[in-house]
Amino acid sequence: MNKSSRRILGPLLAGVLAVLAGPALAHSFLVEATPSSKDHVAASPKTVKLRFGGGVEPKYSKLTIEDASGKVLGEGAIGTPDKPRELSMDSPELAPGKYVVRYRVLSTDGHIVEGNYEFTVDPK
Amino acid sequence: MYLSLAFIRFLESLPSALAVGLLLMPRLIGEDSGRFKIPVAAAGVLRALLGFPALYLIARNIIPSDRPLDSSVLWEFAQGTSVGKAWLATQLLAFAFAALTVARIFVSSDLLDKITLGAGVAVLAVVSVTGHAIDDGLPLWTQISFVLHTAAGLTWLGGLLGLVWWMFTAHSKPPEVAAQLAERWSLVAKAAVGLVAVTGVAMAYENVGSVPNMLATPYGRLLTLKLALLCAVLLCALAIVRYMHARPANGPFNVDWVGKVGSLEAVFGLGLLGVAGYIAVITPASHETDIYWPLPFRLSYIATWGQKPIFPSPIWWWAIASGVLAIIAALVWWTPATREKRLYATPAATIAALFCLAVSFSTEAYTDTYNDPTQDFTAESITRGMTAFQENCVGCHGPMGEGNGPMSKDLKNAQGLKVEPADLTAPHVGTHTIGDIFHWLTFGGQSGVMPSFSHVLDVDDRWDMINYLLILSSTNRSRFIGPQAMIQWLIAPDFALVDPKEEITTFFKLRGKPTLLSFARCTAAGDEKKELDASLLKAAEAAKSASVNHVTVYTGDCPVEAKGREALHPAAVEKAYSVINRYPNVPYTSEIAQAHFLVDRSGYVRARFKAFGADDGSATQFAGQAAMMANEPLVEISLHSH
Ligand SMILES: [Cu+2]
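Residues numbered from 1 in each chain as written. Chains lettered and ligands numbered in written order. Predicted model: local features only at pLDDT ≥ 70, side-chain atom pairs only at ≥ 80, totals over all residues. Heavy atoms only, no water.

Participant: Whenever I open this one, the packing of helix α1 (residues 2-28) of chain B against helix α10 (residues 255-281) of chain B confuses me. Can you help?
Facilitator: Helix-helix packing is described using two parameters, namely the angle between the two axes and the distance between the axes. Residue and element names in this part refer to chain B. In contact at an axis separation of 8 Å, α1 and α10 are set at 130 degrees when each is read in the N-to-C sense. In terms of orientation, α1 and α10 fall into the oblique class. Viewed along their axes, α1 and α10 form a crossing whose handedness is right-handed. Touching Tyr2, Leu3, Leu5, Ala6, Arg9, Phe10, Ser13 and Leu14 of α1 are Leu270, Leu273, Gly274, Gly277, Tyr278, Ala280 and Val281, all from α10. Grouping the amino acids of the contact of α1 with α10 by side-chain chemistry returns eleven nonpolar, three polar and one charged. (Axes fitted to C-alpha atoms, helices over the stretch in contact; angles between N-to-C directions. Helix = DSSP H or I, 4+ residues; strand = E, 2+ residues; numbered from the N terminus. Parallel < 35°, antiparallel > 145°, perpendicular 65-115°, else oblique. Left-handed = near helix turned anticlockwise from the far one by under 90°. Contact = heavy atoms within 4.5 Å. Nonpolar A, V, L, I, M, F, W, Y, C, P; charged D, E, K, R; others polar.)

Participant: Looking at this structure, how should I read the pattern of salt bridges?
Facilitator: Two side chains carrying opposite charge are able to pair once their charged atoms lie near each other. All names here are of chain B. Evaluated as defined, the whole model comprises 18 salt bridges over all chains. Lysine 529 is paired through a salt bridge with aspartate 557; the nearest N and O atoms lie 3.7 Å apart. Placement of the pair is lysine 529 in helix α18 (residues 526-545) and aspartate 557 in the loop between β7 (549-556) and β8 (565-566), with a sequence separation of 28 residues. (Salt bridge = Lys/Arg side-chain N within 4 Å of Asp/Glu carboxyl O.)

Participant: Please explain the packing of aromatic side chains as it appears in this structure.
Facilitator: Within a pair of aromatic rings, the relevant descriptors are the distance that separates the centres and the angle that separates the planes. With the rule as written, the count across this model stands at 25 aromatic pairs over all chains. Between the aromatic rings of Tyr99(A) and Phe119(A), the centroid separation amounts to 6.0 Å while the plane-to-plane angle is 35 degrees, which identifies the pairing as tilted. Taken together, the residues span a long stretch of sequence, with Tyr99(A) in strand β8 (residues 97-107) and Phe119(A) in strand β9 (residues 112-121) at a distance of 20 residues. Taken individually, Tyr99(A) and Phe119(A) each receive the classification buried, so the pair is uniform in this respect. A ring pair is formed by Phe612(B) and Phe622(B), whose centres lie 5.8 Å apart and whose planes are at 80 degrees; its orientation type is edge-to-face. In this pair, Phe612(B) is assigned in the loop between β10 (604-609) and α20 (618-630) and Phe622(B) in helix α20, connecting sequence segments ten residues apart. The buried category is assigned to Phe612(B), whose relative accessible area is 2%. When its relative accessible area of 0% is taken as the criterion, Phe622(B) is described as buried. Ring pairing ties together the aromatic residues Trp305(B), Phe311(B), Trp316(B), Trp317(B) and Phe361(B), which thus form one cluster. Across from the ring centre of Trp333(B), 4.0 Å away, lies the NZ or CZ of Arg342(B), which sits over that ring. (Phe/Tyr/Trp six-rings, centres within 6.5 Å; stacked < 30°, edge-to-face > 60°. Buried < 20%, exposed > 50% of the residue type's maximum accessible area, 1.4 Å probe, protein only. Lys NZ or Arg CZ within 6 Å of the ring centre and 35° of its normal.)

Participant: Could you clarify how one ought to interpret a nonpolar patch on the surface in this entry?
Facilitator: All names here are of chain B. Taken together, Ile38, Val45, Leu49, Phe52, Phe95, Val102, Ile105, Phe106 and Val107 make up a surface patch of nonpolar side chains, about 800 Å² in accessible area. When contributions to the nonpolar patch are tallied by element, the ones reaching two or more residues are α2 (37-62) and α4 (82-106). Note that isoleucine 38 resides in helix α2. (Patch = residues over 30% accessible without salt bridge, like charges linked within 9 Å, V, L, I, M, F, W, Y side chains within 5 Å. Areas by Shrake-Rupley, 256 points an atom, 1.4 Å probe, with all protein chains shown as cover.)

So far we have only geometry, and geometry alone does not tell us how the molecule works.
Structural data, given as structure tokens:
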């Protein structure tokens, strides 16, 4: 404790280092997904479902599934009126291996939310 | 793209604000508004027309760039999205306002003037609805705050611009009229700025999320800049107010001077509007992922005074210095001999006192100190972190993180001094932010011995590791969990549940009611199996009769009737909870033969039962604890902050 508070003085006197980091202008409010990030699933999922922290607009949104090499295997964004925060897509039959789910969705406040995550289909 | 969008928003709100200001000024002193009619109409029409480039830029931001934007695409966009609909509504209002301002050129009517002013303020109010205000994740009072904030803020700015315009074009008017206008305007301005402040705080509460975010995120830094500009504006206003008060009644009124200070105030105000326009289109700090703490220190009670520092230590000396300076400040203020200098000396000594006090609360910080985890505090994440820990960390930190790995004896720093690996189960781990730990994993530890793990563990992996370390740090205390409810401190890791309707469901969503979380391995045979089966059935029955949720993580051949809701990844859940399934003097195992955790309605682990024996009183004890917890107030646990 003593050591660390002595170390504080220098920096404090050094003053304000108002370093502006380059802004990454992307929201990240994917709340949940099935399969979820880094999930291991036993069999190819029938659908991929994503839930966001706010309402999303399916017409201006896109979900894609890619294999490990980046090849797009399927895309789409299906929403249902009674679940304005969820989007899903039908998944193609997936062989065991690693896949990336990529999303670019329009949230109702007019902002684009982008991101991606990985999941794995385990060998039988 | 964001910059052009921000700029168009700035450009769009400026003419409407000016129009409102020019409508307002003559009204304040009952003056004929004839000379402002044409500029007001021009501003009104300009606002309405600027709506179109704004729509183009909004849509361009959203629709992928490979798709050309023609009028039919834009029309479809305007009708088919909430932001488009919000744009349509604001645009209709803007055109109504423009029509009214034009009508005023031909018709002189007090009623028409009033309606036009009202419409103008409405146009200002809805500026925010094409921004964050329509985020349906925001509570209603925040959404209302947005509308009031822009209405009041832009009315104030427009009024200020109108006042400056008035002052510089009023050479034929007597100074008394100018003084009267300035006085009446200052009443309106006070009310508007007050409303701006209140609604601003309400919005910041929702959109910034925490005090450090004011410096650690682009949004927060801009908001800080906005506050600084607001201070500058208020200082200008204060100067004018002081002038008005010092002026003898019916004495001369210096129109030029007030005009100049007013102009300066307006320039700061325009800067404010520019920042506000940019803030409106970027990611709010509360969901920002780009968190960068710019200072090498932070203020923390837990890491300083919370550690109960012993007397002769820097923390104490800084606090004492602060006290001495505070006394000096007070003496300077009240001692007659120093009265002349007190206006400067007392604030200076006070600032110095506050500085010393701040130093006594400061602790080291890093650029990542306030980072938010990318991985939620879930059993799945903990289990991944545990695996990574076994692969990378046990050499030094030991299999249980106690700092006693095989290599721990011979670690030396660059100076050749012996360094001991941190005991990750020590309570002081909690004085560091999770961002600090993230920083050490990314760039290497404080002592210079622990290397960077950024090439082995990606960002998500590091957060998985931190989730594991968080639960690991509670192992010492968790050994003493018994059937008697303890205080709320141990957060039950969340995990995905199997849902028959294939919905996304998690353990954490069961909160609201207490939950019995049962683990068992039904792999034995004979009497042992009978005993276990009986215990599990009794647990299920106890949960049912206490009407609490029952979640079961069973492996092997457990009785079907004893099963509750099941985990989607039972192996991961068992492993994660095994970390806190400890008992004094019992060696750790990652398997849970049998355990029943009682999780309260907020999501904290509160009690644990080894088994539900035939007549060991467990069921009775359980019923009592569950009944007590069912009536406790609900505590909101944020899985992002520990
Ligand atoms: Cu937003």
